[in-house]
Amino acid sequence: MDYISKEKTYEIIEVCLLAGRIMLKNGAETYRVEDTMTRIAKAYGVEDSDSFVTPTGIIFSLEGQEPTKTKLIRIIERTTNLEKVMKVNDISRKISVGNIPLQEAYHLLKDIDKESKTYSDLAQVIAAAIASGCFLIMFQGIWQDFFAAVIAGGAGFLCSVYFHRVVQIKFFAEFLAAVLIGLIAFGSVHIGFGAQTDKIIIGSVMPLVPGLLITNAVRDLMAGHLVSGISKGAEAFLTAFAIGSGIAVVFVIF
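This part takes up the environment of Leu221. Among the secondary structure elements, Leu221 is positioned in helix α9 (residues 211-222). Expressed as a C-alpha distance, the spacing of Leu221 and Tyr31, which sit 190 residues apart in the sequence, is 9.8 Å. The residues touching Leu221, leaving out its near neighbours within four places in the chain, are Leu226, Gly229 and Ile230.

So, in structure tokens, the structure goes:
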């Protein structure tokens, strides 16, 4: 590649890593993160770049200059916000066609990174509650159990959000949420508010199921990213195990 100043080299690395970090934190697949970083680097004049992405970290280096520039960043928290992934993809495409200078790209990515949640916690809880009722009907439940599933699903999702903030252990929060869902389901049937305990539980736990994580694990494995695919698959398995364990505890009690 053509000679690039030391300052610009570091700026390119920062832009690439910032784009990769935003995407990885918000639910993008590993191969998409690596491809985006490579394309951004190439658009700014770096033909040879290497990246190694795992669910908990990114290593990125620029080749062709001595010494080779390499940087590592850690990813501590991960969530699902596909709107941010879409915005980074849009900026990446504009960079690839030469429409965004380096400094402007960095500031645009910073603005995306600083954006708060698209929806408030209350909106997410309401959406989870309504989705739980709809899942119950989809799984051939009866309308009598609809509101019981709405209450159980909303309460379980709220419990998951709250305990995840109190205790930074995701699986513990999901375990407690599943326990609460099971208790509400059994309680609603016991008092006559609901009729089918199993259908209420199935519908209510669906907002907690790591569907995107499972999908990304399979896609990463198919793309040849074995480390990331297996890691995400293990995380999805532990999440499902936490949910199942919480429900099992309630079944043992009752």
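Turning to the sheet that holds strand β2 (residues 57-62), a few remarks are in order. Strand order in the open sheet made by the three strands is β1-β2-β3, with antiparallel pairing throughout. If you trace the sheet from one side to the other, it starts and ends with β1 (49-54) and β3 (69-74), each paired once. Here the strands of the sheet are splayed against their neighbours by 10° on average, with no regard to which way each runs. One ladder, built from six bridges, connects β1 with β2; its direction is antiparallel. Residue pairing for β2: Phe52 is matched across the bridge by Ile59. Sitting on the sheet, helix α2 (residues 30-43) is in contact with β1 and β2, with an inclination near 155° to β1.

Of the volumes computed, that of the largest pocket is approximately 1,900 Å³. Only α1 (6-25), α5 (121-138), α6 (146-166), α7 (170-190), α9 and α10 (226-253) provide two or more residues apiece to the lining of the largest pocket. In terms of residue class, the lining of the largest pocket is made up of 21 nonpolar, 14 polar and 13 charged.

Conventions adopted
- Residues numbered from 1 in each chain as written.
- Predicted model: local features only at pLDDT ≥ 70, side-chain atom pairs only at ≥ 80, totals over all residues.
- Heavy atoms only, no water.
- Helix = DSSP H or I, 4+ residues; strand = E, 2+ residues; numbered from the N terminus.
- Contact = heavy atoms within 4.5 Å.
- Pairing = 2+ DSSP bridges.
- Axes fitted to C-alpha atoms, helices over the stretch in contact; angles between N-to-C directions.
- 1 Å grid on protein atoms, 1.4 Å probe; cavity = no way out; pocket = protein on both sides within 12 Å on 5 of 7 lines; lining within 4 Å.
- Points joined across faces, edges and corners; volume = space filled by probe spheres on them.
- Nonpolar A, V, L, I, M, F, W, Y, C, P; charged D, E, K, R; others polar.

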